[in-house]
Every structure is written in C-alpha cells, then in structure tokens.
Amino acid sequence: SKQFWLITASLMGQTIMWDFLLMVPLYLRDTLGLSVAGASMASSAFPFGSLFSVLVGGFMFDKLNRRATARLMAFLLAMAASCILMFYYMPQLSLSDRFAVNLSMALLFIFGLCVSPCYYIPMSVFSIEFGGPHSGFLVALLDAIAFGATACFYYFAGEIADRSWASFLIVLFAVAVWSLVMTFFFMLGEARKREEPSRTLAN
C-alpha cells in the first residue's frame, strides 16, 4: 500500500522531531548557558502544547474533510520547522537568560502544539481503517519502524551536535521538511480514497 509507506515515512520524521525534546536541555545549556533548572523549565512547555493540540486536533480532524486536513497539517509542520529555525538563530541574538527561557518555552509550546496532532491522529485513524482486525499490530509495526529510525538518527546526532549545534538543527530542519511533504501526500491520498466512491456513484 502506497499509503502505508507514506505514513511510515511521515512517522519516521515526526518521531525524530518528537525526540528533539531529549536534546533541548543540552542545547539550551551549551548554546545559551542556561542553568539545568532553566533548561528543564523550558522543556516542560512541549507537553503542555501537545496536551492542548491533541484534544483540539481530534475535534478538527472529525470536522474537516481530508483535503482541508492535509493543508492544515502541512501548515502545522511548517510552523514546527520554523521553530527549529528559530532555535538555530537564537545563539546569534545575544538574549538575556530570562528572555531566552521565555522564548524557548514559547517555541517548544508551539512545536508541541504543531507536531502532536500530526503524529498521533492520522496514524491512529489509518491503522483502524486500513488494519481492521489487525489494527493493533499495524500500530505496533508503524511505531517500531519509527522508533528504529529515531534510534539510528540519534545514535549519530549526538556526534553532530557535539561538533556543531547549528549543523544538528539544519539536519533536524531537513527532517521536518521531509515530514511535512510525506504527511501532506499521505493526507491527499486519504482524501482521494474517500472521494473515489462518490465519483463512482456519480458516473
């Protein structure tokens, strides 16, 4: 199934983006000189954004058609990619510690807000519709592939970050763009699947 491979590629990228949260405290300490407490405080904004967006995102997913959802999710992932770019430029802005913490919290809140519904909702709905009685195994298979990709990425990412956080963030930005493209085409495929019966009836 083309749709299976598109959602797999999408999830691989988004799981890597999700686990950026593991690297954020190190990034904030190394590049902005924040304390452990400040870095941890900033990181807490990510799950708050996720909490809000998953609840609202599920409601929106049910209300919008799949083409509109494709555009919405492309926009959300573009916003997440923009947050990564902002982290890339932050060390050049000479920010005070307090402002750096506040800006980091805002960026991570938006990042969690944007990534979470794109990660959870399409995969879950696809697994139920496509997997049928095997939906549980399909969810596990998709997650296993995504976690495998994430393990490989972060095995090498630490070395990249050790050499240059800027290089790490550029690579992560490329992953975000990849996720955007794969998610968009996956959702367009879902839209076409739903439109085909209507076209058949019309003919």
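As shown above, the structure is provided for reference.
Just so you know, these numbers come straight off a predicted model, no measurement behind them.

Enquirer: I keep staring at the overall build of the chain and nothing clicks. Help me out?
Expert: Broken down by element type, the chain carries 8 helices and 0 strands. Helices and strands in the chain line up, N terminus first, as α-α-α-α-α-α-α-α. Whereas a compact globule of 203 residues would reach a radius of gyration of roughly 17 Å, the chain reaches 18 Å, a difference of no more than 12%. If one aligns the C-alpha atoms of the chain with their principal axes, the spans along those axes are about 65 × 30 × 25 Å. Per-residue burial over the chain gives 45% buried out of 203 residues. Long-range pairs, those at least 24 residues apart, make up 81% of the contacts in the chain with a sequence separation of at least 6. On the chain, roughly 10,400 Å² of surface is accessible, and the fraction owed to carbon and sulfur atoms is 69%.

Enquirer: It is not clear to me how the packing of helix α3 (residues 36-43) against helix α6 (residues 97-131) should be interpreted in this structure. Could you clarify?
Expert: A pair of packed helices is characterised by two quantities: the angle between their axes and the separation of those axes. Packing of α3 against α6 leaves a shortest axis separation of 8 Å and a crossing angle of 30 degrees. It follows from the interaxial angle that α3 and α6 lie roughly parallel. Remark: the crossing between α3 and α6 carries right-handed chirality. Between α3, through Gly38, Met41, Ala42 and Ser43, and α6, the contact on the second element is made entirely by Val101, Ser104, Met105 and Leu108. Here the contact of α3 with α6 is composed, by residue class, of 5 nonpolar, 3 polar and no charged.

Enquirer: What is the right way to read the packing of aromatic side chains from this model?
Expert: The description of an aromatic ring pair rests on the distance of the ring centres and on the angle between the ring planes. Applying the stated criterion across every chain, the model contains 20 aromatic pairs. With centroids separated by 6.0 Å and ring planes inclined at 75 degrees, the aromatic side chains of Phe20 and Phe111 adopt a geometry described as edge-to-face. On the criterion of sequence distance, the pair formed by Phe20 in helix α2 (residues 20-32) and Phe111 in helix α6 is long-range, its members being 91 residues apart. Residues Phe20 and Phe111 agree in their burial class; the two are buried. Their ring planes at 50 degrees and their centres at 6.4 Å tell us that Tyr154 and Phe168 sit as a pair that is tilted. Placement of Tyr154 in helix α7 (residues 135-163) and of Phe168 in helix α8 (residues 165-202) is noted, with a sequence separation of 14 residues between them. Assigned by exposure class, Tyr154 and Phe168 land together as buried.

About the criteria used
As a convention, each chain's residues are numbered from 1 in the sequence order in which they are written. The model is predicted, so local features are restricted to residues of pLDDT at least 70 and side-chain atom pairs to those at 80 or more, both for listing and for counting; the totals for chains, interfaces and linings are taken over all residues. Values shown for side chains rest on all heavy atoms present in the structure; no hydrogens or waters enter the calculation. The helix count covers DSSP runs of H or I at least four residues long, the strand count covers runs of E at least two residues long, and both are numbered beginning at the N terminus. For the radius of gyration, the atoms used are the C-alpha atoms, and the globule rule reads 2.2 Å times the number of residues raised to 0.38. Exposed residues in this analysis have more than 50% of their type's maximum accessible area, buried residues have under 20%, and partly exposed residues fall in between, with area computed by a 1.4 Å probe over protein chains only. Two residues qualify as a contact provided that any one of their heavy atoms is within 4.5 Å of a heavy atom in the partner residue. Where accessible areas are quoted, they stem from the Shrake-Rupley method and a 1.4 Å probe; at the residue level, only the protein chains shown are allowed to cover. Note on definitions: angles span 0 to 180 degrees between N-to-C directions of axes, and those axes are lines fitted to C-alpha atoms, for helices only across the stretch in contact. Each angle gets one of four labels, with under 35 degrees taken as roughly parallel, over 145 as roughly antiparallel, 65 to 115 as roughly perpendicular, and the rest as oblique. When the near helix sits turned anticlockwise from the far one by under a right angle, the crossing is termed left-handed; a clockwise turn instead gives a right-handed crossing. For this scheme, ten residues count as nonpolar: Ala, Val, Leu, Ile, Met, Phe, Trp, Tyr, Cys and Pro. Four count as charged, namely Asp, Glu, Lys and Arg, and the remainder, Gly too, count as polar. Here a pair means two rings of Phe, Tyr or Trp (six-membered ring of Trp) with centres within 6.5 Å. Their orientation is stacked below 30 degrees between planes, edge-to-face above 60, and tilted elsewhere.

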